[in-house]
Amino acid sequence: MATPAVESAAPVASGSHPSQKSMTKAERRELQERQRAAKLAQKQQTQPADSAAKAKAKPKPATPKKAAAGAEAAPTSGPDTSRSHAIASADHEADSSKRSLRIFSHFGLPKNGPGAKGDIHPCIIRLALQFSEFKICGANARCIATLTAFKTVIQDYTTPPNNTLSRHLMTHLSPQITHLVSARPMSVTMGNAIRQLKLEISGSDIDLPEQDAKDLLCQQIDDYIRDRIIVADDVIQDFALKKIKDGDVILTFARHVPSSSIVLLHAHSRGKRFSVIIVDSRPLLEGKALLQALTSSSTSWTLSGGALQPPLPPIPCTYALLPALPSLITEATTVILGAHSLHSNGAVFSRAGTALVAMMAKQHSVPVLVCCETYKFSDGVMLDGFGKNELAPSHLFPASTPTPNLEVLNPLYDLTPPAYITAVVTEAGLIPPSSISSVNMALGRSSLPV
Amino acid sequence: MEQPQNLRVVETLAWKLRRRQLVGSRATALETLVVLRQVISKSRFSNIEQLVSIIRGVGRRLVEAQPKEHSVGNTVRKVLHHIREEYHTATGGSTTTTSPGFSISKFVMLGQPRKQTALPKTESKNTIKENDPDDPDAFARSLKPVLMEAIQDVFDELETVYDNVGKNAQNHIHSDEIIMTLGMSKTVESFLISAAHHRNYTVMVLETAPTYGGREMSQALSAAGISTFLVPDSSIYGLMSRVNKVILGTHAILANGGMFAIAGSLLAATAAHVHSTPVVVCAGQFKLTPSWNLYHEYGALDFGDPSQVLGFEEGALVDKVDVVNPFYDYVPPNLVDAYITNDGDHPPTSIYRLIKETYDDEDNEL
């Protein structure tokens, strides 16, 4: 990456330099290198005037490029070559660091220690810390935690004089939201929930006493959590239950509430007998939690409906890491996956690795069910999991110590194209991924202001 | 005389293989070669059949000890091939029944187009006496030096395999490309490093759980000055759209052009296939294996240590679940675009021909 100034510079230092301040670090270094080399050239060459012409005519000594680049400006093989190599190596370094930044610059890396700006509620600060430490993780958990925290914020809020709650509350909430986003990028679920909350705040009655208005908002938040998440999960369980038969081998990836654990445990308690293959992957290794949930089903007699029930037989579980997937997919009869969000083109944005599982399942003609509440639907279209992603902080998930040339990346999500998905299980029924956009319309959200 | 397959050196190597004290295709190939050299130099034989059966016996013993290290069998086959070749040269090709003139049926029957071109010599040198009743060792005495030379050739090939694989690296990797690789493979490492002498590019190394060879690989590559990213296996699909080439190592190349490679390779190759990203495999020719794998579900039917997947720190879980840790993947030939070997680049469709040229058909079963 040579700047014009560098390119035009004669081997012996040229007259015009851009001011030192306006140069980048790499450029300054390059200049330094060049000046050093030029000084050297003047010292060694008896006729510095036509050194440039000589350098061109002289065949370059055959030194391995790597050695020269490693030795930086060591003047072992004549001043001309060492100079050109020094510049080249400086170029390379600047180039490679720039390039790596360019490719991954948009990956949202959570900033360390979000500094609280403005009037942030303590419960929001705590939540932000929990987000950034991945103590609260998963689309549903984050959404519920956010809404619950907002309930506290709303209850602690008093409308300033000469203002109305419906107009002012949102300006109070938005720095809280900004603070949460600075801890971890906002999930689609949180975005949808916050959008709904905004709508309800702006629609609240001006004549209502303040406490009543706040209670009403909290009631509406509770309703949202109940209707769109809790009840939706129950309905999804029942729909998914119909697709699980005795003797099935269910393959699932990582842990997604509600899909994996709840659906499977629900089906198991309804007397379906099937086995489960759990495929897991770093960095989060969420499958272990699912494994824990599935294997810890009760082993004692239970009293239900006035009669003693025998303990359920344990669910046969197989656990493997992602590279073992091609060997295991042949045994599976159904793949059940979860989603972080669904986009109107039918693409599923989910935990990294989901796309691989869906791809292998498609190749082996194993049906892929994606369990997802409709509040995770997004109006946008997504074509590539690379464009919008998030990195897990490497200090939480250490893999290898970074060295000058080594960077450790832990992308958290990937995008599964709709072609790999057989059906999406929502509380509105089982729909093909191509119908996501019509569900958006049916719920009357697509025309809402952001 | 002691049975050659029971020789001390053979036994030692067999047990080393069996206990997995010796792993890795190149290391096992080198050790096998050392043992074969000792066996040949010590054994007594008075005709070619005896020699071949001695080598075969040793080969069978070693392959039975560890059938998954394919390069052991391959090395034995290669040595047998060289022995026959040297023998034919020494006897002036009197034993070859090839007659000049091509016909389809002959071509098919022989299955070895290369031999067709070797015209039988009209005069036999007759310097080697087989089955000489007066001096039973005469045959061995006269043949052994040539055989040692032939084995030295195989040695040299193994010694230089990394250099030769990396020879054309800059033709395959271009400036500013993003390369994806996985696992720890010395061949791939030397290939990438040799390309880095000429090109400035980026490598994404997959961690390759549960062995995490990718971590080692990423350290090696970054130490060589290559801009390296270490990513978890789960992001294969997400990152594939930005990757220009997938470069893999392999454990064994099979006769149909498919290969056994470290678990995770099939995922990467499949994801590359759906993204139309080329998949290039670097391997020495000692990995060419005259066998097939069409029906095995679990790669090469080899399993790693399950505690790497779910360790005993998860004590409560350990006895409730099945933990699977297959060691290899079988990558079918349609997912591989090219094999870069120490002897040129080959498409998977021509692997069968290389195998026919490198080994003799009768040795496929040792």
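Residues numbered from 1 in each chain as written. Chains lettered and ligands numbered in written order. Predicted model: local features only at pLDDT ≥ 70, side-chain atom pairs only at ≥ 80, totals over all residues. Heavy atoms only, no water.

## Some words on a negative patch on the surface
For step 1, the next point in the chain: There is a patch of like negative charges on the surface, built from Glu149(B), Asp153(B), Asp156(B) and Glu159(B).
For step 2, the next point in the chain: Assessed through its relative accessible area of 36%, Asp156(B) is described here as partly exposed. (Patch = residues over 30% accessible without salt bridge, like charges linked within 9 Å, V, L, I, M, F, W, Y side chains within 5 Å. Areas by Shrake-Rupley, 256 points an atom, 1.4 Å probe, with all protein chains shown as cover. Salt bridge = Lys/Arg side-chain N within 4 Å of Asp/Glu carboxyl O. Lys, Arg positive; Asp, Glu negative; His and termini not counted. Charge placed at Lys NZ, Arg CZ, Asp CG, Glu CD. Buried < 20%, exposed > 50% of the residue type's maximum accessible area, 1.4 Å probe, protein only.)

## Notes on the sheet that holds strand β10 (residues 328-331) of chain B
Residues and elements named next belong to chain B.
For step 1, the next point in the chain: Taken in spatial order, the four strands line up as β8-β5-β6-β10 in an open sheet, and their pairing is mixed. Unpaired on one side and paired on the other, β8 (288-289) and β10 mark the two borders of the sheet.
For step 2, the next point in the chain: By the bridge criterion, two bridges tie strand β5 (residues 252-254) to strand β6 (residues 259-262) in an arrangement that is antiparallel. In the strand pairing of β6, Ile253 is matched with Met259.
For step 3, the next point in the chain: Against the sheet, helix α13 (residues 265-274) engages β6 and β10, with an angle of about 35° to β10. (Pairing = 2+ DSSP bridges. Helix = DSSP H or I, 4+ residues; strand = E, 2+ residues; numbered from the N terminus. Contact = heavy atoms within 4.5 Å. Axes fitted to C-alpha atoms, helices over the stretch in contact; angles between N-to-C directions.)

## Some points on unusual backbone geometry
For step 1, the next point in the chain: In this model, Ala209(B) is joined to Pro210(B) through a cis peptide bond whose omega is -5°.
For step 2, the next point in the chain: The topology assignment puts Pro210(B) in the loop between β2 (202-206) and α11 (213-223).
For step 3, the next point in the chain: In the Ramachandran plot, Ser365(A) falls in the positive-phi region, its phi being about 55° despite a non-glycine side chain.
For step 4, the next point in the chain: With respect to the helices and strands, Ser365(A) occurs in the loop between α14 (354-363) and β9 (368-371).
For step 5, the next point in the chain: Here Arg20(B), not a glycine, exhibits a phi torsion of approximately 55°, which is positive.

## Brief notes about the interface of chain B and chain A
For step 1, the next point in the chain: Taken residue by residue, the interface counts 55 residues in chain B and 55 residues in chain A.
For step 2, the next point in the chain: Interface of chain B and chain A: buried area, both sides summed, is about 4700 Å²; carbon and sulfur atoms make up 61% of it.
For step 3, the next point in the chain: Summed over the three residues of chain B that lose the most area to chain A, namely Phe229(B), Tyr237(B) and Leu267(B), the buried surface amounts to 14% of that side.
For step 4, the next point in the chain: Arg282(A) is paired through a salt bridge with Glu207(B); the nearest N and O atoms lie 2.8 Å apart.
For step 5, the next point in the chain: Applying the counting rule to chain B against chain A returns 14 residue pairs in polar contact (both at pLDDT 80 or more).
For step 6, the next point in the chain: Sorting the residues of the side of chain B that touches chain A by element identifies β2, α11, β3 (227-231), α12 (236-240), α13 and β9 (321-324) of chain B as the ones contributing at least two each.
For step 7, the next point in the chain: For the side of chain B that touches chain A, the residue count by class is 28 nonpolar, 16 polar and 11 charged.
For step 8, the next point in the chain: Where strand β5 (residues 317-321) of chain A and β9(B) come together, four bridges link them in parallel fashion. (Buried area = accessible area lost by both parts, 1.4 Å probe. Polar contact = N/O pair within 3.5 Å; in protein donor to acceptor, adjacent residues only side chain to side chain. Nonpolar A, V, L, I, M, F, W, Y, C, P; charged D, E, K, R; others polar.)

## Brief notes about the packing of aromatic side chains
Residue and element names in this part refer to chain A.
For step 1, the next point in the chain: Inspection of every chain in the model, using the stated rule, returns five aromatic pairs over all chains.
For step 2, the next point in the chain: Relative to Tyr375, the ring of Tyr224 lies with its centre 6.2 Å away and its plane at 90°, an arrangement referred to as edge-to-face. Pair noted here: Tyr224 is in helix α10 (residues 210-241) and Tyr375 is in the loop between β9 and β10 (377-378), with a separation of 151 residues, a long-range link. Of the two residues, Tyr224 and Tyr375, both sit in the buried class. (Phe/Tyr/Trp six-rings, centres within 6.5 Å; stacked < 30°, edge-to-face > 60°.)

## Re the confidence of the model for chain A
Residues and elements named next belong to chain A.
For step 1, the next point in the chain: This prediction gives chain A a mean pLDDT of 74; 68% of its residues lie at or above 70.
For step 2, the next point in the chain: Within chain A, no element has a lower average pLDDT than helix α4 (residues 65-70), which sits at 40, and none a higher one than α14, at 93.
For step 3, the next point in the chain: For the stretch residues 1-21, pLDDT sits under 50, and the model shows 25 contacts to residues farther than four places along the chain or on other chains.
For step 4, the next point in the chain: Within the model, the stretch residues 446-450 combines pLDDT values under 50 with five contacts to residues more than four positions away or in other chains. (pLDDT = per-residue confidence, 0-100.)

## A look at the environment of Pro333(B)
Residues and elements named next belong to chain B.
For step 1, the next point in the chain: Position of Pro333 relative to the elements: it lies in the loop between β10 and β11 (338-341).
For step 2, the next point in the chain: Note on Pro333: relative accessible area 25%, which makes it partly exposed.
For step 3, the next point in the chain: Taking C-alpha positions, Pro333 is 9.9 Å from Ile351, a pair spaced 18 residues apart along the chain.
For step 4, the next point in the chain: If sequence neighbours within four positions are ignored, Pro333 has contacts with Asn256, Gly257, Gly258 and Pro348.

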